[in-house]
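# Results of the structural survey
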Amino acid sequence: MWTDWNSHVRRAAAQTLGKTGHGKHIHDNLLHLLQTGSEVIRVEVLQTLGSLGVMTAKVLPIFLQCFTDKYISVRVEACLTASKLAIVDKYILDELLHVSMYDECWKVKAHALKALGAIGHVSSEIKDCLLWAMRFEKEPGVRAEACHAVAELHCTDREVLTVLAELARFEQSAVVKR
């Protein structure tokens, strides 16, 4: 199943096996591949986890390690998977916050902010992170995703509205102004 050339076939097979009582086998296999697979395999496993919509206590620690993987593609896919799963989990939210503030790649930061918005949980830490990104991030794509996340989370307090007004007035990037 895992060696089929078509990723859609692999995902469909995993879903079917999970629904027919072979979920533990699939789960253990995905966990093994996430721990030992190549960059491409880890990305595909994360995509499968996102499409299956399953996160277990056994997979969570390995999943969290993907946010600090040496490969950008794995870190981006971890953010996308967190977004698809939309689990309000302290550890996942902490990783997304950390990545959105400290990752060296702006694309990873942008995907982390997008995931925070998609998960839909608002906290003071998330709001502060989004406000900081809207104000101080150098890359327009990151500032734009912070604005989108604020909209997704329906943050409308005075501080957020003030920052949005400043952006509307002083922002030079067309990407952020949209």
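Because the structure is predicted, anything quoted here is derived from the model rather than measured.

In this section: the side chain of aspartate 89. Relative to the helices and strands, aspartate 89 resides in the loop between α5 (72-85) and α6 (90-102). Buried charge without a partner: aspartate 89 forms no salt bridge, and the closest opposite charge is lysine 90, 8.4 Å away. Among the polar contacts listed, one links the side chain of aspartate 89 to the backbone nitrogen of tyrosine 91, at a separation of 2.9 Å. Within the structure, aspartate 89 has its side chain in polar contact with the backbone nitrogen of isoleucine 92 (distance 3.1 Å).

A few words now on the packing of helix α2 (residues 23-36) against helix α3 (residues 39-52). At a minimum axis distance of 8 Å, the contact between α2 and α3 shows a crossing angle of 145 degrees. The handedness of the crossing between α2 and α3 is left-handed. Of α3, the residues touching α2 (which contributes Leu30, Leu33 and Leu34) are Ile41, Arg42, Val45, Leu46, Thr48, Leu49 and Leu52. Of the residues belonging to the contact of α2 with α3, the class tally is 8 nonpolar, 1 polar and 1 charged.

Before going further, it helps to examine the environment of glutamate 137. With respect to the helices and strands, glutamate 137 occurs in the loop between α8 (124-136) and α9 (140-152). Assessed through its relative accessible area of 8%, glutamate 137 is described here as buried. Sequence spacing of glutamate 137 and valine 122 is 15 residues, and the spatial spacing of their C-alpha atoms is 20 Å. Those residues within four positions of glutamate 137 in sequence are excluded, and the remaining contacts are Ser100, Lys109, Trp132, Val142 and Arg143. Side chain to side chain, glutamate 137 and lysine 109 meet in a polar contact 3.1 Å long.

Moving on, we come to the pattern of salt bridges. One pass over the structure, following the stated rule, counts 8 salt bridges. For aspartate 28, the salt bridge identified is with lysine 58, shortest N-O distance 3.4 Å. Within this pair, whereas aspartate 28 is found in helix α2, its partner lysine 58 is found in the loop between α3 and α4 (60-65), the two being separated by 30 residues in sequence. Classification of aspartate 28 as partly exposed rests on a relative accessible area of 27%. With a relative accessible area of 47%, lysine 58 lands in the partly exposed category. A salt bridge links lysine 109 to glutamate 137; the shortest N-O distance between them is 3.1 Å. With lysine 109 in helix α7 (residues 106-119) and glutamate 137 in the loop between α8 and α9, this pair connects stretches of sequence that are 28 residues apart.

Taking 1.5 Å per residue as the helical rise, α6 with its 13 residues ought to reach 18 Å, and the 18 Å between its terminal C-alpha atoms agrees with that figure. Looking at α6, one finds that the buried residues are Ile92, Leu93, Leu96, Leu97, Val99 and Ser100. The buried side chains of α6 occupy one side of the element, clustering within an arc of 165 degrees when seen end-on. Pointing more than 90 degrees away from the buried face of α6 are the exposed residues Lys90, Tyr91 and Tyr102. The inward-facing, buried residues of α6 abut α4, α5, α7 and α8. Two to three positions downstream of the cap, the backbone nitrogen of tyrosine 91 sits 2.9 Å from a side-chain oxygen, assigning the N-cap of α6 to aspartate 89.

For valine 122, the position within the fold is in the loop between α7 and α8. C-alpha separation for the pair valine 122 and histidine 154, spaced 32 residues apart in sequence, amounts to 9.0 Å. Sequence-distant contacts of valine 122, defined by excluding residues within four places in its chain, comprise Leu153 and Cys155.

Rules and cut-offs
Residues numbered from 1 in each chain as written. Predicted model: local features only at pLDDT ≥ 70, side-chain atom pairs only at ≥ 80, totals over all residues. Heavy atoms only, no water. Helix = DSSP H or I, 4+ residues; strand = E, 2+ residues; numbered from the N terminus. Buried < 20%, exposed > 50% of the residue type's maximum accessible area, 1.4 Å probe, protein only. Lys, Arg positive; Asp, Glu negative; His and termini not counted. Salt bridge = Lys/Arg side-chain N within 4 Å of Asp/Glu carboxyl O. Polar contact = N/O pair within 3.5 Å; in protein donor to acceptor, adjacent residues only side chain to side chain. Axes fitted to C-alpha atoms, helices over the stretch in contact; angles between N-to-C directions. Left-handed = near helix turned anticlockwise from the far one by under 90°. Contact = heavy atoms within 4.5 Å. Nonpolar A, V, L, I, M, F, W, Y, C, P; charged D, E, K, R; others polar. Expected span 1.5 Å × (residues − 1). Arc of directions from axis to C-beta.

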